[in-house]
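Each chain is listed here by its residues.
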Number of protein chains: 2
Amino acid sequence: MTETGTKTPRERYRDQVRTEVKEHAREQIATAGASALSLNAIAKRMGMSGPALYRYFASRDDLITELIRDAYRSLADTFRTTAESGTDLPGLAHALRGWALDDPQRYFLIYGTPVPGYHAPEDITGIASEIMTILLDASTGLPTDGPTTPFEVDLGAHRHWAGDHPAPPAALHRALTFWTRLHGVLSLELAGHFTGMGFDPAMLFDSELAGLAEQ
Amino acid sequence: MTETGTKTPRERYRDQVRTEVKEHAREQIATAGASALSLNAIAKRMGMSGPALYRYFASRDDLITELIRDAYRSLADTFRTTAESGTDLPGLAHALRGWALDDPQRYFLIYGTPVPGYHAPEDITGIASEIMTILLDASTGLPTDGPTTPFEVDLGAHRHWAGDHPAPPAALHRALTFWTRLHGVLSLELAGHFTGMGFDPAMLFDSELAGLAEQ
DNA sequence: CGCGTTCGTTATAAGTTGTAACTCACGCTA
DNA sequence: TAGCGTGAGTTACAACTTATAACGAACGCG
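In this report, the structure presented in the accompanying data block is examined. These numbers come from a predicted model, not from an experiment. (Residues numbered from 1 in each chain as written. Chains lettered and ligands numbered in written order. Predicted model: local features only at pLDDT ≥ 70, side-chain atom pairs only at ≥ 80, totals over all residues. Heavy atoms only, no water.)

Description of the protein's contact with DNA strand C
Part 1: What surrounds DNA strand C is a group of 21 residues, the closest being Tyr13, Arg55 and Tyr56 of chain A together with Leu39 and Asn40 of chain B.
Part 2: Among all atoms of DNA strand C positioned within 4 Å of the protein, those belonging to sugar or phosphate total 59%.
Part 3: Mapped by element, the contributors of at least two residues to the surface near DNA strand C are helix H1 (9–32) of chain A together with helix H1 (9–32) and helix H2 (39–45) of chain B.
Part 4: Looking at the surface near DNA strand C element by element, the count peaks at 3 residues for H1 of chain A.
Part 5: Residue composition of the surface near DNA strand C, by class: 10 nonpolar, 5 polar and 6 charged. (Near = heavy atom within 4 Å. Helix = DSSP H or I, 4+ residues; strand = E, 2+ residues; numbered from the N terminus. Nonpolar A, V, L, I, M, F, W, Y, C, P; charged D, E, K, R; others polar.)

This is how it looks when you write it as structure tokens:
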């Protein structure tokens, strides 16, 4: 952060415009979904012509990729600060839910419907593994009950996806189920599949979290 | 199938073209995602001009809604036939996974990223509750262990979402977690979030299924 | 102060969805 | 069987979209 002074006025202006474009893009995505994102509409709202935005983003997909990167970055940051403040696995879970509810479409930018051909850039997968590492750190050290399953043996053998994290196989398994179960409740809630069902999604979330703790 | 004779030739032709359009649409969606679906491209592949398709579908969204309806119908059918053949909850789970893997984009048509403004037509929510009823039927009658949680009391009180299904509160809870947990694993697998992780998604799925049984 | 980089513009190409108006042919009915 | 109406497919068009190209102007660095 000490190098901000080295930026030229043009660079600062450029960054400012880029963030403003992304703000409008986020607003537009929250309103009508990512597929309805229009560079032209953003340009008009910013008071300039359509093609001008191509000075700042190579293409529409490039802008969306940037938003996906920001989403990952944002999730990794909230995870990291939450973990650094000494909170445990349930704390991480509630941080996740709060983050997701804060901007559902941002959540779906990461965990939503994949575009068949699309492959995320290398640095994005790096952030994803950063998130996984934080989750693994929090999963380690808890008491493990029950015998080690064949699946956990398999997990212990192939842990390169965890950055070769030195967690016991049960912890790897716990982190994985933490991820899948909370995503299961959360994504259905955010997608509106529980609307009109009368029960409180937060209670179902906490119920799953409780089941996660005693396993 | 015995009532096909009551249709006029024009109706039969119309139905044939409609299904052919939907086949091309499904193929296009599987290749490049739902957002890349183009009526023009479909028309050209079928050897006719773009606007001709508007005789068969009122709009692009109308076609997509039709595909969503078909997806729900297809899932309800496989669920129903699976349940009718006497299979239990695990059988239902494997039927679900097989159905999802058979056409991932069809799964995401139902459970993928929601479009903010969109509301599914009434009949589609009807099919959704049909699916839920089958799941509730299969969830009823299993032994319930552990005390009834406050959440389950709440579920028992607001069961109109289940079509007032006469299942014990624990069964309502079981059906809900069946849904959320399997969706959690399945959606992450289908979205490719497990690729390159080295473990077998089927084992994680079965592990979750096992945890579901002993709860 | 000048010069080069960068920004924003308009023009244009090639797409898209969707409407309007016009043929034409199919098939029901008289 | 003859005719007529309905529905299918066409082209033309409007209003969008993404994206490129070429031009002018302004900004800021040396």
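Now that the structure has been shown, we can carry on.
Concerning the protein's contact with DNA strand D
Part 1: Near DNA strand D, the surroundings consist of 21 residues, among which Leu39, Asn40 and Arg60 of chain A together with Arg55 and Tyr56 of chain B are the closest.
Part 2: In DNA strand D, the atoms that sit within 4 Å of the protein are 56% sugar and phosphate, with bases accounting for the remainder.
Part 3: Note that a phosphate oxygen of DNA strand D is positioned 3.5 Å from one of the side-chain N or O atoms of Arg14 of chain B.
Part 4: A distance of 2.6 Å is found between a phosphate oxygen of DNA strand D and a side-chain nitrogen or oxygen belonging to Tyr56 of chain B.
Part 5: Going through the elements one at a time, H1 and helix H2 (39–45) of chain A together with H1 of chain B are the ones with two or more residues in the surface near DNA strand D.
Part 6: If one sorts the elements of the surface near DNA strand D by residue count, H1 of chain B sits on top with 3 residues.
Part 7: Classifying every residue of the surface near DNA strand D gives 10 nonpolar, 5 polar and 6 charged. (Polar contact = N/O pair within 3.5 Å; in protein donor to acceptor, adjacent residues only side chain to side chain.)

Things to note about the relation of the copies chain A and chain B
Part 1: If you rotate chain A by 180° and push it 0.0 Å along the axis, it lands on chain B with an RMSD of 0.1 Å. Taken together, the rotation angle and the small translation identify this as a two-fold axis. Residue Gly184 of chain A of chain A places its C-alpha closer to the rotation axis than any other residue of that unit, at 1.8 Å.
Part 2: A share of 100% of the interface residues of chain A reappears at the interface of chain B, consistent with the copies meeting face to face through the same patch. (Least-squares fit on C-alpha atoms with pLDDT ≥ 70 in both. Contact = heavy atoms within 4.5 Å.)

Thoughts on the packing of aromatic side chains
Part 1: Under the counting rule described, the total for this entry stands at 16 aromatic pairs over all chains.
Part 2: Measuring from centroid to centroid gives 5.4 Å for Phe194 of chain A and Phe199 of chain A, while their planes differ by 55°, and the two rings are tilted.
Part 3: Judged by centre distance (5.1 Å) and plane angle (45°), the ring pair of Tyr107 of chain B and Tyr111 of chain B falls under tilted. Within this pair, Tyr107 of chain B and its partner Tyr111 of chain B are both found in helix H5 (residues 104–111), separated by 4 residues, close to a single helical turn. The two residues Tyr107 of chain B and Tyr111 of chain B agree in class, both being buried.
Part 4: Here the guanidinium or amino end of Arg97 of chain A rests over the ring plane of Phe205 of chain A, the centre of that ring lying 5.6 Å away. (Phe/Tyr/Trp six-rings, centres within 6.5 Å; stacked < 30°, edge-to-face > 60°. Buried < 20%, exposed > 50% of the residue type's maximum accessible area, 1.4 Å probe, protein only. Lys NZ or Arg CZ within 6 Å of the ring centre and 35° of its normal.)

Some thoughts on the interface of chain A and chain B
Part 1: At the interface, 49 residues of chain A touch 49 residues of chain B.
Part 2: Roughly 3,800 Å² of surface becomes buried between chain A and chain B when both sides are summed, with 68% attributable to carbon and sulfur atoms.
Part 3: Seen at the junction of chain A and chain B, the total is 2 salt bridges.
Part 4: When the shortest N-O distance is used, the salt bridge between Glu208 of chain B and Arg181 of chain A registers 2.7 Å.
Part 5: Viewed at the interface, chain B and chain A are joined by 13 residue pairs in polar contact (both at pLDDT 80 or more).
Part 6: Ranked by residues supplied to the side of chain A that touches chain B, first place goes to helix H8 (residues 169–190) of chain A with 12 residues. (Buried area = accessible area lost by both parts, 1.4 Å probe. Salt bridge = Lys/Arg side-chain N within 4 Å of Asp/Glu carboxyl O.)

Bear in mind that shape data such as this cannot, by itself, settle questions of function.
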